[in-house]
Amino acid sequence: MTPILLLGAGRMGGALIEGWRRTGAFSLSDLIIRDPAASPEAFPGAVVNPPLEALSAAKVVLLAVKPQIWREAVADVVPHLAPDAIVVSIAAGVRAADIAQVFGGRRVARVMPTTAVAIGQGAASLYADTPEALDAAKALLAPVAATVELADERLMHAATAVSGSAPAYLYAFIEALEAAGAGQGLSPEDSARLARATIAGAAALLAQGGEEPAELRKQVTSPGGTTAAALSVLMGEGGFGDLLPKALAAAVKRSVELGG
């Protein structure tokens, strides 16, 4: 598996590095990092921006650049990779066949992780059409994420909408909840403290209790009470049941567009 070449060490690449460090899955000495913004001081022990000839040592290549620029980002790298190097891509929407073509027919896996991999609590959807590529993807992600293996690459669009993009949905909800609490008279600080602690606790309860979200919702919803009054808006016409399918459809559409 090592050394692992990271093409890009930005938000998601950096999150994976931090998660590997925290869990002990891989150390910085296992990594070769190629990113114009990276410095050896930021990743002590890793090989940072070495000469192109040094990239031939990589066993696995993690493609972690923005999908809009991935072709340009790898153009000078590909000729220097080992023929049996496996490519694991986290570039949203970019098809495995296109990656394989640009990487000279090398084996490819696609992964859609969440940024919580940084604390070892991420989620990741995996797709590969060879067992070796799938094994490489699992080795990288399983230590830091709950993983789901997809049988059809086309499902990566939906997985991106449901999982890869979903942390932003939750943060947007919390942002709006805090503002609404302040609008009802709470200080912004108190509203933020209450909203964040409540959401974090609810998520922890969901993760540990093994109960379905619908059951947990019913447990805190008394008939005719305050929660029921709020849910009549959130789950009524124009609420979550209408908004989320539209939001996911928009994310899927954009994922398809990014794939070309």
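Quick notes on the rules
Every chain is numbered independently, its residues counted from 1 as its sequence is written. The predicted origin of the model limits local features to residues at a pLDDT of at least 70 and limits the giving and counting of side-chain atom pairs to 80 or more, whereas totals for whole chains, interfaces and linings rest on all residues. Only hydrogens and water are removed before side-chain values are computed, so all heavy atoms of the structure are retained for them. UniProt positions are given in the numbering used here, feature names are shortened, and annotations may be inferred rather than shown by experiment. Helix numbering and strand numbering both begin at the N terminus, where a helix is a DSSP run of H or I of at least 4 residues and a strand a DSSP run of E of at least 2. Strand pairing follows a simple DSSP-based rule, namely that at least 2 bridges must link the two strands. By definition in these notes, contact holds between two residues if any of their heavy atoms fall within 4.5 Å. Only the stretch in contact is used when a helix axis is fitted, and all axes are lines through C-alpha atoms; the angle between N-to-C directions ranges over 0 to 180 degrees. Relative accessibility thresholds used throughout: buried, under 20% of the residue-type maximum; exposed, over 50%; partly exposed, between the two (1.4 Å probe, protein chains only). A pairing counts as a salt bridge when a side-chain nitrogen of Lys or Arg comes within 4 Å of a carboxyl oxygen of Asp or Glu. Each domain's limits were defined by an automated method or a database of domain assignments. Put simply, buried area is the surface a 1.4 Å probe can reach on two separate parts but cannot reach once they are joined, added for both. Here a polar contact is recorded for every N or O atom pair within 3.5 Å, except that within protein the pair must consist of a potential hydrogen donor and a potential acceptor, and residues adjacent in sequence are included only if both atoms are side-chain atoms.

**Section: the UniProt feature "domain: Pyrroline-5-carboxylate reductase catalytic N-terminal" (unreviewed entry) in the chain**
Look at the UniProt record and you will see "domain: Pyrroline-5-carboxylate reductase catalytic N-terminal" (unreviewed entry) annotated at residues 4–93. Note that residues 4–93 is 20% helix and 20% strand, and that its end C-alpha atoms are spaced 22 Å apart.

**Looking at the sheet that holds strand β6 (residues 108–113)**
Taking strand neighbours across the sheet as the criterion, the eight strands line up as β3-β2-β1-β4-β5-β6-β7-β8 in an open arrangement whose pairing is mixed. The open sheet has two edge strands with one neighbour each: β3 (47–48) and β8 (145–149). In terms of strand pairing, strand β4 (residues 60–63) meets strand β5 (residues 86–89) through four bridges, oriented parallel. In the sheet register, Val61 faces β5, and the bridge partner there is Val87. Lying on the sheet, helix α4 (residues 131–141) is in contact with β1 (4–7), β4, β5, β6, β7 (122–128) and β8; it crosses β7 at an angle near 170°.

**Some remarks on the pairing of β4**
Of the two faces of β4, the one holding Val60 and Leu62 and the one holding Val61 and Leu63 are both buried throughout. Relative to β4, β1 runs parallel, the two being bridged by four bridges. Looking across to β4, one finds that Leu7 is bridged to Leu63.

**Quick look at the pattern of salt bridges**
If the charged atoms of two oppositely charged side chains come close together, the side chains can form a pair. Considering all chains together, one arrives at 10 salt bridges under this definition. Three or more residues are tied together by salt bridges with common partners; here these are Glu18, Arg21 and Arg22.

**Notes on the UniProt feature "domain: Pyrroline-5-carboxylate reductase dimerisation" (unreviewed entry) in the chain**
Per the UniProt record, the feature "domain: Pyrroline-5-carboxylate reductase dimerisation" (unreviewed entry) sits at residues 153–258. Secondary structure content for residues 153–258 is 80% helix and 0% strand, while the C-alpha to C-alpha distance between its ends is 14 Å.

**Details of the domain arrangement of the chain**
A common measure of how large an interface is: the accessible area buried when the components associate. The domain architecture assigned to the chain consists of domain 1 (4–151) and domain 2 (159–259). Centre-to-centre, using C-alpha coordinates, domain 1 lies 31 Å away from domain 2. Contact residues are listed per partner, giving 13 residues for domain 1 and nine residues for domain 2. Interface area for domain 1 against domain 2, summed over the two sides, is near 780 Å², with a carbon-plus-sulfur share of 58%. In terms of surface lost to domain 2, no three residues of domain 1 exceed Gly93, Met112 and Thr114, which account for 43% of the buried area on that side. Taken together, domain 1 and domain 2 are joined by zero residue pairs in polar contact (both at pLDDT 80 or more). Contributing elements (two or more residues each) for the side of domain 1 that touches domain 2: β6 and β7.

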